[in-house]
Amino acid sequence: MASLWSTNLAILLLFVYLVSNSFVSANFYNDFDITWGDGRGKILDNGNLLTLSLDKSSGSGFESRNEYLFGKIDMQLKLVPGNSAGTVTAYYLSSTGTKWDEIDFEFLGNLSGDPYILHTNVFTQGKGNREQQFYLWFDPTADFHTYSILWNPQLILFLVDEIPIREFKNAESKGVPFPNNQPMRIHSSLWNADDWATRGGLVKTDWSQAPFTASYRNFNAQACVAKPGSPSSCGGGGSTASWWSEVVDSSKQERLKWVQKNYMVYNYCSDSKRFPQGYPPECNMG
């Protein structure tokens, strides 16, 4: 298996390995570009804070300058407060092309006092439909919380404040594609999705509450960064980093079960109406 990963990595772009051993926030001026929104996305506080805003005319978004192939990506977010119904704050990794890979966090707004829904999905080779949704055990609008994607050759792990909420295992042995050869950028956007986001589109965005604002800080990437023309050390030096070989041990398994028992509100792997002919093969992995 190790030689297979080495072969896969060798046929890609050449990569350079960058890893930070401490949680040091990066500078948004250096690491990200505001890509749309006509001034509604702002980098503030000498590059330590980024905000996205949404009004009736437009939302806004940003993306990372680097592309990543495996790593642990952390970002602290504070979501739109108050009546956020109809809004979606998306934070995800994605490659490009018609057979793209993607790892999604999407935060679906709600009426004041009602909880956000954290929507997760994994796309491989352009195919998604692997939704799991959760409530959070705190108010994500009151303060910043850390949302992380840990992606290595064995698994994808979604974490909230270092608590695992979802594991997507490498199931290539069952014929399920796994994202392992397309570098992905970090993207985030704040946009209006009141045709579906809140109660299936029944609750519309209240534009009298605009502008809606989400805030970001303390980005950290312990990751393999795609650098064309540079020697690769992801399969070598990368393998010494803890995230490279991380699995869900018994302690993480307990926390994962706690979240899924108490806070999961939708799981495609238990939606029998959606899959009357049987669940997708990755749903049957222990």
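Residues numbered from 1 in each chain as written. Predicted model: local features only at pLDDT ≥ 70, side-chain atom pairs only at ≥ 80, totals over all residues. Heavy atoms only, no water.

Peer 1: Looking at this structure, I do not really get the environment of F32. What am I missing?
Peer 2: Structurally, the position occupied by F32 is in strand β2 (residues 32-36). Between the C-alpha atom of F32 and that of G47, which follows or precedes it by 15 residues, the distance is 9.9 Å. Sequence-distant contacts of F32, that is, excluding residues within four places in its chain, are made with F62, E63, S64, R65, M75, I186 and F219. (Helix = DSSP H or I, 4+ residues; strand = E, 2+ residues; numbered from the N terminus. Contact = heavy atoms within 4.5 Å.)

Peer 1: I'm lost on the pairing of strand β5 (residues 60-78) in this one. Help?
Peer 2: Among the 19 residues that make up β5, 15 are buried, leaving the element largely enclosed by the rest of the structure. In terms of strand pairing, β2 meets β5 through four bridges, oriented antiparallel. Of the residues in β5, the one forming a bridge with F32 is S64. Across six bridges, the pairing between β5 and strand β13 (residues 184-192) is antiparallel. Bridge pairing in β13 places E67 opposite R185. For β5 and strand β14 (residues 212-226), the ladder comprises eight bridges, and the chain directions are antiparallel. Each residue of the ladder has a partner; that of D74, found in β14, is N220. Of the strand pairs in this sheet, β5 and strand β10 (residues 145-151) are connected by seven bridges, and their pairing is antiparallel. (Buried < 20%, exposed > 50% of the residue type's maximum accessible area, 1.4 Å probe, protein only. Pairing = 2+ DSSP bridges.)

Peer 1: What exactly am I supposed to notice about unusual backbone geometry here?
Peer 2: For residues that are not glycine, phi is negative in most cases, and the peptide bond is trans in most cases. A cis geometry characterises the amide bond from A210 onward to P211, with omega recorded as 0°. In this fold, P211 is placed in the loop between β13 and β14. Positive phi, normally seen in glycine, also occurs at Q125, with a value near 50°. Residue placement: Q125 occurs in the loop between β8 (117-123) and β9 (132-134).

Peer 1: I keep staring at the nonpolar core and nothing clicks. Help me out?
Peer 2: Soluble, globular proteins show a tendency: their nonpolar side chains are buried together. Ranked by size, the top nonpolar core spans 62 residues in total, and within it M75, F105, Y147, W151, I156 and Y216 carry the most contacts. If sequence neighbours within four positions are ignored, I156 has contacts with I103, V122, I149, L150, W151, R166, E167, F168, F178 and P179. Formed by five residues, the second largest nonpolar core is a distinct cluster that contains V88, L108, I117 and A193. (Core = buried A, V, L, I, M, F, W, Y, C linked by side-chain atoms within 4.5 Å.)

Peer 1: Any chance you could explain helix α3 (residues 250-262) here in plain terms?
Peer 2: Residue pairs spaced three or four apart in an α-helix point in one direction, given the helix's 3.6 residues per turn. End to end, α3 covers 18 Å across 13 residues, agreeing with the expected 18 Å (1.5 Å per residue, within 8%). Listed as buried for α3 are K252, L256 and V259. With its buried residues spanning 65° around the axis, α3 presents them on a single face. In this structure, α3 carries S250, E254 and K261 as exposed residues pointing more than 90 degrees from its buried face. Those residues of α3 that are buried are in contact with β9, β11 (155-160), β12 (163-169) and β15 (264-267). Capping of α3 at its N-terminal end is provided by D249; its side-chain oxygen lies 3.2 Å from the backbone amide nitrogen of S251. (Expected span 1.5 Å × (residues − 1). Arc of directions from axis to C-beta. Polar contact = N/O pair within 3.5 Å; in protein donor to acceptor, adjacent residues only side chain to side chain.)

Peer 1: Sorry if this is basic, but what is going on with the UniProt feature "glycosylation site" (unreviewed entry) in the protein here?
Peer 2: Taken from the UniProt record, the annotation "glycosylation site" (unreviewed entry) applies to N110. Among the secondary structure elements, N110 is positioned in the loop between β7 (102-108) and β8. Given the relative accessible area of 11%, N110 is considered buried. Ignoring anything within four residues of it in the chain, the contact list for N110 reads G82, N83, S84, A85, P115, T198 and R199. (UniProt positions renumbered as here; feature names shortened; annotations may be inferred.)

Peer 1: Before we go on, may I ask you to explain the state of the cysteines in this structure?
Peer 2: Disulfide: a covalent bond formed between the sulfur atoms of two cysteine residues. One pass over the full model with this rule turns up one disulfide. The partner cysteine of C269 in its disulfide is C283, sulfur to sulfur 1.9 Å. Because the sign of the S-S torsion sets the handedness, a value of about -75° for the bond joining C269 and C283 places this disulfide among the left-handed ones. With C269 in the segment after β15 and C283 in the segment after β15, this pair connects stretches of sequence that are 14 residues apart. (Disulfide = S-S within 2.5 Å.)

Peer 1: Would you take a moment to explain the pattern of salt bridges for this structure?
Peer 2: When the charged atoms of two side chains lie near each other, side chains of opposite charge can form a pair. Evaluation of the coordinates by the stated rule reveals nine salt bridges. Here E162 makes a salt bridge to K72, at a shortest N to O gap of 2.9 Å. Within this pair, whereas E162 is found in the loop between β11 and β12, its partner K72 is found in strand β5, the two being separated by 90 residues in sequence. Between K252 and D249 there is a salt bridge; the shortest N-O distance is 3.7 Å. Relative accessible area serves as the criterion here: at 14%, K252 is assigned to the buried category. (Salt bridge = Lys/Arg side-chain N within 4 Å of Asp/Glu carboxyl O.)

Peer 1: Just to check I follow, could you spell out the packing of aromatic side chains for this structure?
Peer 2: Describing an aromatic ring pair means giving the distance of the ring centres and the angle of the ring planes. In the structure shown here, the tally under the stated rule is 22 aromatic pairs. Centre to centre, the rings of W207 and F212 are 6.0 Å apart; their planes meet at 65°, and the pair counts as edge-to-face. Assessed through its relative accessible area of 21%, W207 is described here as partly exposed. For F212, a relative accessible area of 2% gives the class buried. Plain terms: the ring middles of F275 and Y279 are 6.5 Å apart, the flat faces sit at 65° to each other, and that makes the pair edge-to-face. Y279 gets classed as partly exposed once you look at its relative accessible area, which sits at 33%. Three or more aromatic residues joined by ring pairs make a cluster, and in this case those are F28, F32, F62, Y216 and F219. (Phe/Tyr/Trp six-rings, centres within 6.5 Å; stacked < 30°, edge-to-face > 60°.)

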